[in-house]
Amino acid sequence: MARLGDWVQPHPTGIYLPAADVWIDPSVPVPRALVTHGHADHARGGHGEVWATPETLQIMEVRYGPQTGRPVAYGESLTLGDIDVSFVPAGHVLGSAQIVLDHRGERVVVSGDYKRREDPTCARFEPVKCDVFVTEATFGLPVFRHPETHDEMDKLLATLRANPDRCVLVGAYALGKAQRVIRELRVMGFDDPIYIHGALQRLCDLYIDNGVDLGDLRPAMGVAKGELMGRVVVAPPSALNDRWSRRLPEPISAMASGWMTVRQRARQKNIELPIILSDHADWDELTATIQELSPREVWVTHGREDALVHWCAMRQIKARALDLVGFEDEDD
Ligand SMILES: [Zn+2]
Ligand SMILES: [Zn+2]
């Protein structure tokens, strides 16, 4: 008898479906790719053809220029070769999708990157029962438990109010995190203008075009120091310690990332105000998701796979690490 899911082939450069001659999130250019979401380590440039959600295709066009794309809406089903394919929300960033594959009476779900908690900038993760669940494990250690979003945003606002002569400079990954920080502040009722680094403009515009209200957003470039006192400024993490930030009034450097649970990381990057805000599932979300889906097998794509594989083994769930290459965990 054929092995469960053997029509889905993990290779170091991505997951390959021979029956459809298509790759999922390949790290090298291929003739035809299915792409889960727009982060650079999943969505590479240079593919012949890209099948992805309309939002992911737009993100790839901002980053890589025009794509030969086939937009696939959430819930739309299509057939590639002998494989039925559909995209369902992954709750990670705008347009992020899990790819649901049905073939030979077996269902394999490739989740890409995902999280379970509320995110006002994208559709919520949709659990899909399956035989094989292919999961990430970016925060796949029991030490990673992300706190409540609301409490982290409160911390940011309290710091801002306590320092009217300074600004809070928030480092946030350009795709997803930056827009989420802004939107979460709006959800908290913060209506002041928020100033952004030029590198964030196009992706913020893309979110706004897709109906995510980011409120009063202004370029930080060319604004007088005085005007930026008591303000929130959002920039890519790389701008926190470079010359760009010198124009700001005594910036309090903050960083919005799941990695801010690791104090040493915050110290290394000279972060005064760590804000723990992650677009990935934490340990509890990873294990709760596996319990909810109760797949026959779990395959772990990238991250800290050992603890999760072990956790599955203890519960009689067959699990293995796929050892894919080219994924980074700095996108959070
Ligand atoms: Zn990602
Ligand atoms: Zn990733």
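Caption draft 1: Quick look at the sheet that holds strand β12 (residues 168-171). Strands sit in the order β14-β13-β15-β12-β16-β17 across an open sheet of six strands; the sheet is parallel. Two strands lie at the open edges of the sheet, namely β14 (217-219) and β17 (273-275), each paired on one side alone. Each adjacent strand pair in this sheet contributes to an overall mean axis angle of 30 degrees, direction not counted. Bridge analysis of β12 against strand β15 (residues 232-235) gives four bridges, and the strand direction is parallel.

Caption draft 2: Fine view of the environment of Asp192. Mapping Asp192 onto the fold places it in the loop between α3 (177-187) and β13 (194-196). Its relative accessible area of 32% is what places Asp192 among the partly exposed residues. Sequence-wise, Asp192 and Asp82 are 110 residues apart; in three dimensions their C-alpha atoms are separated by 53 Å. Once you skip the residues sitting within four places of it in the chain, Asp192 turns out to touch Arg186, Asp216 and Arg231.

Caption draft 3: Representation of the coordination of the zinc ion (ligand 2) in the model. Every protein donor of the zinc ion (ligand 2) is listed here as His42 (NE2), Asp113 (OD) and Asp113 (OD), and their distances to the metal cover 2.2 to 2.8 Å. Between the zinc ion (ligand 2) and the zinc ion (ligand 1) the interatomic distance comes to 3.8 Å, and Asp113 is a ligand of both metals. Note that His42 is positioned in the loop between β4 (32-34) and β5 (49-52) and Asp113 in the loop between β10 (106-110) and β11 (132-137), a separation of 71 residues in sequence. Residue classification places Asp113 among the buried positions, given a relative accessible area of 1%.

Caption draft 4: How the structure looks around the nonpolar core. Residues Val170, Leu185, Val232 and Val234 are the most contacted members of the largest nonpolar core, which totals 36 residues. At the level of secondary structure, the elements contributing two or more residues to this core comprise α2 (149-162), β12, α3, β13, α4 (201-209), β15, β16 (252-256) and β17. Formed by 26 residues, the second largest nonpolar core is a distinct cluster that contains Trp51, Val72, Ile83 and Leu324.

Caption draft 5: Focus on the pairing of strand β19 (residues 318-321). As defined by bridge partners, strand β18 (residues 297-303) adjoins β19 across four bridges and the pair is classed as parallel. Residue Trp299 lies in a different strand from β19, and its bridge partner there is Arg320. Regarding topology, helix α7 (residues 305-314) serves as the crossover connection from β18 to the parallel β19, and that connection is right-handed.

About the criteria used
- Residues numbered from 1 in each chain as written.
- Chains lettered and ligands numbered in written order.
- Predicted model: local features only at pLDDT ≥ 70, side-chain atom pairs only at ≥ 80, totals over all residues.
- Heavy atoms only, no water.
- Pairing = 2+ DSSP bridges.
- Helix = DSSP H or I, 4+ residues; strand = E, 2+ residues; numbered from the N terminus.
- Axes fitted to C-alpha atoms, helices over the stretch in contact; angles between N-to-C directions.
- Buried < 20%, exposed > 50% of the residue type's maximum accessible area, 1.4 Å probe, protein only.
- Contact = heavy atoms within 4.5 Å.
- Donors = N, O, S within 2.8 Å, 3.2 Å for Na, K, Ca; no water.
- Core = buried A, V, L, I, M, F, W, Y, C linked by side-chain atoms within 4.5 Å.
- Right-handed = clockwise from strand over helix to strand, strands pointing away.

Honestly, it's all geometry; don't read function into it.
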